Amino acid sequence: WEFNGSFHQPSAFLMMGIPGLEALHPWISIPFCALYLTALLGNCVILFIIRRTPSLHEPMYYFLSMLAVTDLGLALCTLPTTLGLFWFDVRRIGFDACLAQMYFIHILSFIESSVLLAMAFDRFIAISHPLRHPAILTKSTVLKIGLAIVLRGMVSLLPIPFLLKRLTYCGKTELSHSFCFHPDIMNLACADIKVNVFYGMIILLSTVGMDFIFIVLSYILIIRTVVSLTTKEECLKALNTCVSHICAVLVFFIPMIGLSMIHRFGKNVPPLVNTLVAYTYLIIPPALNPVIYSIKSTHIREALLRALCRKRG
């Protein structure tokens, strides 16, 4: 422990794996390795295919590239500590390193939420105003949206590490996961955390909460447009372009909302449930998103097949 007057700050935190299954961590690491490998390879393939295929240089696929980069970042943020704990039982993480990991995990989560909103806006424009779509979402506009998304995440979360550093910690140093999460660190403090709770809630509701509301509103407008189409074939074709995005939204937001509710109100929730929801939130979306888009997007699938045929030839 580092001591400075009445101020106590731990030199490190202790991470937790899966409660009650510590003896099985080497075996549990196998599906985790498969998920991380899928996330890393899948998102790299998506980026490679979009970069090498001129026909995919459109707003929809630019936003998909942003999603793939974000998913790569999320996977790389949690991979070292999670596999380090499962393989080598490395539980200790330095205080500052923990704050840095937490900051990047939350930034990337917020960026993913914003990218999903941008993708919903792209689908709305493409379906409701197809003729104006190229003029509205130009390359420069997409770039500006991307920069705004990154700056929004970085600036809104910048005070969080400083708010945690000012707290006094005493006694417990065990985290609930194999990575650092803001509510988890905050709850280890023995000081008044009202400012942290209030700021965390405000930021969460004004970013991820608003993103989710606008995504729902976008789909309400999309459905209104689709219903007005003359033929059933046109209606199904328009909706089919949204299936991948809807799956990505559900895969990301359902575990995130569940984890937020558990940390805020789930005092009596079993630790195993908390842990499984956290892993689902941070590991499943990066692994599933490239699979979803590779299966559902005809253009991505065809470009991938062409690239494979070229290599075999």
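Just so we're clear, the structure is a prediction, and the values are computed from it rather than from any experiment.

Chemist: Account for the UniProt feature "transmembrane region" (unreviewed entry) in the protein chain, naming residues and giving values.
Modeler: Residues given the UniProt feature "transmembrane region" (unreviewed entry) here are residues 24-50, 62-88, 100-121, 142-164, 197-222, 243-264 and 276-295. Secondary structure within residues 24-50 divides into 96% helix and 0% strand; the distance between the first and last C-alpha atoms comes to 40 Å. The span residues 142-164 shows a helical share of 96% and a strand share of 0%, and its end C-alpha atoms are spaced 35 Å apart.

Chemist: So what's going on with empty space enclosed by the protein? Residues and values would help.
Modeler: Tallied over the entire structure, the rule returns three cavities of 30 Å³ or more. A volume near 220 Å³ is recorded for the largest cavity. Elements supplying a minimum of two residues to the lining of the largest cavity: helix H3 (95-128), helix H7 (182-186), helix H8 (194-227) and helix H10 (243-265).

Chemist: Let's hear about the state of the cysteines: which residues, and what values?
Modeler: Simply put, disulfide is the name for a covalent bond between the sulfur atoms of two cysteines. If you walk through the whole model with that rule in mind, you get two disulfides. The disulfide pattern of the protein chain is 1-3, 2-4 when the bonded cysteines are numbered in sequence order. For cysteine 33, which is in no disulfide, the shortest distance to another cysteine sulfur is to cysteine 44 and amounts to 17 Å. The exposure class of cysteine 33 is partly exposed, given its relative accessible area of 24%.

Chemist: Tell me about the environment of alanine 248, and name the residues and values.
Modeler: With respect to the secondary-structure elements, alanine 248 resides in helix H10. Residues alanine 248 and alanine 307, spaced 59 residues apart in sequence, show a C-alpha to C-alpha distance of 25 Å. For alanine 248, the residues in contact, after removing those within four places along its chain, are Leu116, Asn289, Ile292 and Tyr293.

Rules used throughout
Residues numbered from 1 in each chain as written. Predicted model: local features only at pLDDT ≥ 70, side-chain atom pairs only at ≥ 80, totals over all residues. Heavy atoms only, no water. UniProt positions renumbered as here; feature names shortened; annotations may be inferred. Helix = DSSP H or I, 4+ residues; strand = E, 2+ residues; numbered from the N terminus. 1 Å grid on protein atoms, 1.4 Å probe; cavity = no way out; pocket = protein on both sides within 12 Å on 5 of 7 lines; lining within 4 Å. Points joined across faces, edges and corners; volume = space filled by probe spheres on them. Disulfide = S-S within 2.5 Å. Buried < 20%, exposed > 50% of the residue type's maximum accessible area, 1.4 Å probe, protein only. Contact = heavy atoms within 4.5 Å.

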